[in-house]
Amino acid sequence: GDSVTQMEGPVTLSEEAFLTINCTYTATGYPSLFWYVQYPGEGLQLLLKATKADDKGSNKGFEATYRKETTSFHLEKGSVQVSDSAVYFCALSDYNGGSQGNLIFGKGTKLSVKP
Amino acid sequence: SQTIHQWPATLVQPVGSPLSLECTVEGTSNPNLYWYRQAAGRGLQLLFYSVGIGQISSEVPQNLSASRPQDRQFILSSKKLLLSDSGFYLCAWSVRGRVSGNTIYFGEGSWLTVV
């Protein structure tokens, strides 16, 4: 069935460092890909998404490109801030595959940014 | 604009006691509704989803149940809680239908501790 694998955390960076959180997926159809962010004690918020190959999602300085050839959707940010400290979830939805449009999540990567 | 609310935000329940978590969505009609659970170190797991009143699909066997008595109301219940039911429960909604890139929007979450 469909699945999402993202890098294990926690990730600890200094402010203004470059961030990459790797995410790869397995899907039988043509999935849409998402990054959600969960700030401490809160629910999940959509950060960005991409619906087809080569699409780039971007928001708040974060970017991710849908790479069909490598089945990846890595999250990047050029200069992180302390306020970016949160748990980041990669997810897919695949109406033509096993997930029937529901979100399949990775296990999450905790990011801590130190001043 | 659409909003989603769930309550209570936090609860501590003894083993064997009943559970009722409620969720309502405003500003939209006929949404898909979801219950997810986030257990420590285990990522997000889809428990139930609903495409309409009285229509509930269960993703995993468990001692929890869900009901949708009204179009925009989704309830998560248990007759007898287990210690393993502890976790962070998230209600969510999306636009009805098979829409590519359909975003799922989450509520604030409910922390359940079973003691």
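Engineer: Explain the overall build of chain B to me, please; I cannot follow it from the model alone.
Structural biologist: Per the secondary structure count, chain B includes zero helices and eleven strands. Starting at the N terminus and ending at the C terminus, chain B contains elements arranged as β-β-β-β-β-β-β-β-β-β-β. For 115 residues, the compact-globule estimate of 2.2 N^0.38 gives 13 Å, and the C-alpha radius of gyration of chain B, at 14 Å, lies within 12% of that figure. Expressed along its principal axes, the backbone C-alpha trace of chain B runs to roughly 40 × 30 × 25 Å.

Engineer: Please explain the state of the cysteines as it appears in this structure.
Structural biologist: Linking two cysteines covalently through their sulfur atoms gives a disulfide. Residue and element names in this part refer to chain A. Counting across every chain of the model gives two disulfides over all chains. Between Cys23 and Cys90 runs a disulfide, and the two sulfur atoms are separated by 1.9 Å. As the torsion about the S-S bond is roughly -70°, the Cys23-Cys90 disulfide counts as left-handed. Here the residue Cys23 occupies a position in strand S4 (residues 23-26), and Cys90 occupies one in strand S10 (residues 86-93), the gap between them amounting to 67 residues.

What counts, and where the lines are drawn
- Per chain, the residues get numbers from 1 upward, laid out in the order the sequence is written.
- A letter from A marks each chain and a number from 1 marks each ligand, given out in the order of writing.
- Since the coordinates come from a predicted model, pLDDT governs what is reported: local features require at least 70, and pairs of side-chain atoms require 80 or more to be given and counted, while whole-chain, interface and lining totals use all residues.
- As a rule here, side-chain values come from all non-hydrogen atoms in the structure, and water together with hydrogens is ignored.
- Helix numbers and strand numbers start at the N terminus; a helix is a DSSP run of H or I with at least 4 residues, a strand a run of E with at least 2.
- Here the globule rule reads 2.2 Å times residues to the power 0.38, and the radius of gyration is calculated from C-alpha atoms.
- Disulfide: a pair of cysteine sulfur atoms within 2.5 Å of each other.

Functional significance is not addressed by these values, which are geometric in nature.
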